[in-house]
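Fold and contact review
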Amino acid sequence: DTEVTQTPKHLVMGMTNKKSLKCEQHMGHRAMYWYKQKAKKPPELMFVYSYEKLSINESVPSRFSPECPNSSLLNLHLHALQPEDSALYLCASSRHPRGLSSYNEQFFGPGTRLTVL
Amino acid sequence: SQQGEEDPQALSIQEGENATMNCSYKTSINNLQWYRQNSGRGLVHLILIRSNEREKHSGRLRVTLDTSKKSSSLLITASRAADTASYFCATDARRTGTASKLTFGTGTRLQVTL
């Protein structure tokens, strides 16, 4: 299994809703990432988990709350979002979070397209 | 922002022609990677070049890296309609013992017509 899956594919939510995005990989990767991508822009890193521990938070607002329950799963909990948070949310994983090897290419999921009304 | 710049922003060529995209970045890097993204979908890793490498090939792809100029180029030879996508360079400035952290360039939208 060489893919990263994300659910749901599409999500529409109101500003008072609480929802979660889910990401899963079974490649044995120990680094997982959340990115946000606005239309016609490059992905922007939000969070990095390394060996199931949060290692990078790119000053993301607290209305986004990541969680890594185990080495295969990554969640992004959403609460009280704003319309400007509407974007494609991408999850990725890579093999070696801290190793000397440069085999750190990232494998991306198809993304969740989020619309906040 | 440490985001890299890519040029051109958009490129339209005919099938069979070569496509060249350029990437410039601002900080020292451990490696540089190129990704492809079909419209509104996830990114696909194409090739990784380490900071001590100058050129790398993979199939119809050729990547060069000039760390003195902080620039890289991606050449796609004999392009096909299926190569139509956005292409992003991404720099990884991680130090040994730290997690990988990619910073993506602004991207080049490639259109290959029949």
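One structure accompanies this document, and this report is about it. By convention here, each chain's residues receive numbers from 1 onward along its written sequence. Here every chain gets a letter starting at A, and every ligand a number starting at 1, in the order they are written. With pLDDT at 70 or above as the cut-off, local features in this predicted model cover only qualifying residues; side-chain atom pairs require 80 or more to be listed or tallied, and sums for whole chains, interfaces and linings still use all residues. With hydrogens and water stripped out, all remaining heavy atoms of the structure feed into the side-chain values.

A few words on the packing of aromatic side chains. When the centres of two rings from Phe, Tyr and Trp lie within 6.5 Å, Trp using its six-membered ring, the rings pair. Their planes under 30 degrees apart give stacked, over 60 give edge-to-face, and anything left gives tilted. As enumerated under the stated definition, the model contains 8 aromatic pairs over all chains in all. On the basis of an interplanar angle of 40° and a centroid distance of 5.4 Å, the ring pair of tyrosine 35 of chain A and phenylalanine 108 of chain A is categorised as tilted. Residue tyrosine 35 of chain A is found in strand β4 (residues 31-37), and its partner phenylalanine 108 of chain A is found in strand β10 (residues 107-108); the two are separated by 73 residues along the sequence. Its relative accessible area of 10% is what places phenylalanine 108 of chain A among the buried residues. Taking 5.7 Å as the distance between ring centres and 85° as the angle between the ring planes, the aromatic pair formed by tyrosine 35 of chain A and phenylalanine 104 of chain B counts as edge-to-face. Here tyrosine 35 of chain A, found in strand β4, pairs with phenylalanine 104 of chain B, found in strand β10 (residues 102-104), and the two come from separate chains. With respect to burial, tyrosine 35 of chain A and phenylalanine 104 of chain B carry one shared label: buried. One aromatic cluster is present, formed by Tyr33, Tyr35 and Phe108 of chain A together with Tyr35, Phe88 and Phe104 of chain B through successive ring pairs. The numbering of helices and of strands both runs from the N terminus, where a helix is a DSSP run of H or I of at least 4 residues and a strand a run of E of at least 2. We call a residue buried when its accessible area falls under 20% of the maximum for its residue type, exposed when it is over 50%, and partly exposed in between, using a 1.4 Å probe and counting protein chains only.

Let us now look at the sheet that holds strand β3 (residues 19-24) of chain B. Residues and elements named next belong to chain B. Here, a strand pair is defined by DSSP locating no fewer than two bridges between the strands. The strand order β1-β3-β8-β7-β6 describes an open sheet built from 5 strands, whose pairing is antiparallel. Where the open sheet ends on each side, the last strands, each with one partner, are β1 (5-7) and β6 (55-58). The mean angle between the axes of side-by-side strands here comes to 15°, regardless of whether they run parallel or antiparallel. For β6 and strand β7 (residues 61-66), the ladder comprises 4 bridges, and the chain directions are antiparallel. When the bridges of β7 are listed, serine 58 appears paired with leucine 61. What counts as an axis is a line fitted to C-alpha atoms, over the stretch in contact for a helix, and the angles between N-to-C directions run from 0 to 180 degrees.

Glancing now at the interface of chain B and chain A. It only takes one pair of heavy atoms within 4.5 Å for two residues to be counted as in contact. Facing 26 residues of chain B, the contacting portion of chain A comprises 28 residues. Identification of polar contacts relies on pairs of N or O atoms within 3.5 Å, with a donor-acceptor requirement for protein atoms, meaning one able to donate a hydrogen and the other able to accept it, and with residues adjacent in sequence counted only if both atoms are side-chain atoms. The interface formed by chain B and chain A holds 3 residue pairs in polar contact (both at pLDDT 80 or more) in total. When residues of the side of chain B that touches chain A are traced back to their parent elements, those giving at least two are β4 (31-37), β5 (43-50), β9 (85-92) and β10 of chain B. The class makeup of the residues in the side of chain B that touches chain A is 7 nonpolar, 14 polar and 5 charged. In this count, Pro and Cys sit with the nonpolar residues alongside Ala, Val, Leu, Ile, Met, Phe, Trp and Tyr, while Asp, Glu, Lys and Arg are called charged and the others, Gly among them, polar.

Let us now look at the side chain of glutamine 33 of chain B. Topologically, glutamine 33 of chain B is positioned in strand β4. A relative accessible area of 0% means that glutamine 33 of chain B is categorised as buried. Here tyrosine 35 of chain B takes part through its side chain, which lies 2.6 Å from a polar atom of the side chain of glutamine 33 of chain B. Residues contacting glutamine 33 of chain B, with those up to four places away along its chain left out, are Asn104, Glu105 and Gln106 of chain A together with His45, Ile47, Leu48, Phe88, Cys89, Ala90, Asp92 and Leu102 of chain B.

Next up on the list: the layout of surface pockets. By volume, the largest pocket is sized at about 580 Å³. For the largest pocket, the lining is made up of 29 residues, of which Lys40 and Lys41 of chain A together with Gln37, Ser86 and Arg109 of chain B are closest to its centre. Taken together, the elements giving at least two residues each to the lining of the largest pocket come down to β9 (87-94) and β11 (112-116) of chain A together with β2 (10-14), β9 and β11 (108-113) of chain B. Here the lining of the largest pocket is built from residues that sort into 10 nonpolar, 14 polar and 5 charged. Using protein atoms alone on a 1 Å grid, points that fit a 1.4 Å probe yet trap it form a cavity, whereas open point sets bounded by protein on both sides within 12 Å along at least five of seven lines form a pocket; residues with an atom within 4 Å of a point count as lining. Grid points are joined across faces, edges and corners, and a volume is the space filled by probe spheres set on the points.

By convention a nonpolar core is built from buried Ala, Val, Leu, Ile, Met, Phe, Trp, Tyr and Cys residues, the set being connected through side-chain atoms within 4.5 Å. Core analysis: the largest hydrophobic core is formed by 22 residues, its most contacted members being Trp34, Phe64, Leu76 and Leu78 of chain A. For this core, the secondary-structure elements that each account for two or more residues are β2 (10-13), β3 (18-25), β4, β5 (44-50), β7 (64-70), β8 (73-79), β9 and β11 of chain A. Apart from the residues lying within four places of it in its own chain, the contact partners of phenylalanine 64 of chain A are Met46, Phe47, Leu76, His77, Leu78, Leu81, Asp85 and Tyr89 of chain A. Core analysis: the next-biggest nonpolar cluster, separate from the first, contains 21 residues, Ile13, Ile29, Leu61 and Leu110 of chain B among them.

Remember, this is a structural readout, not a statement about activity or role.
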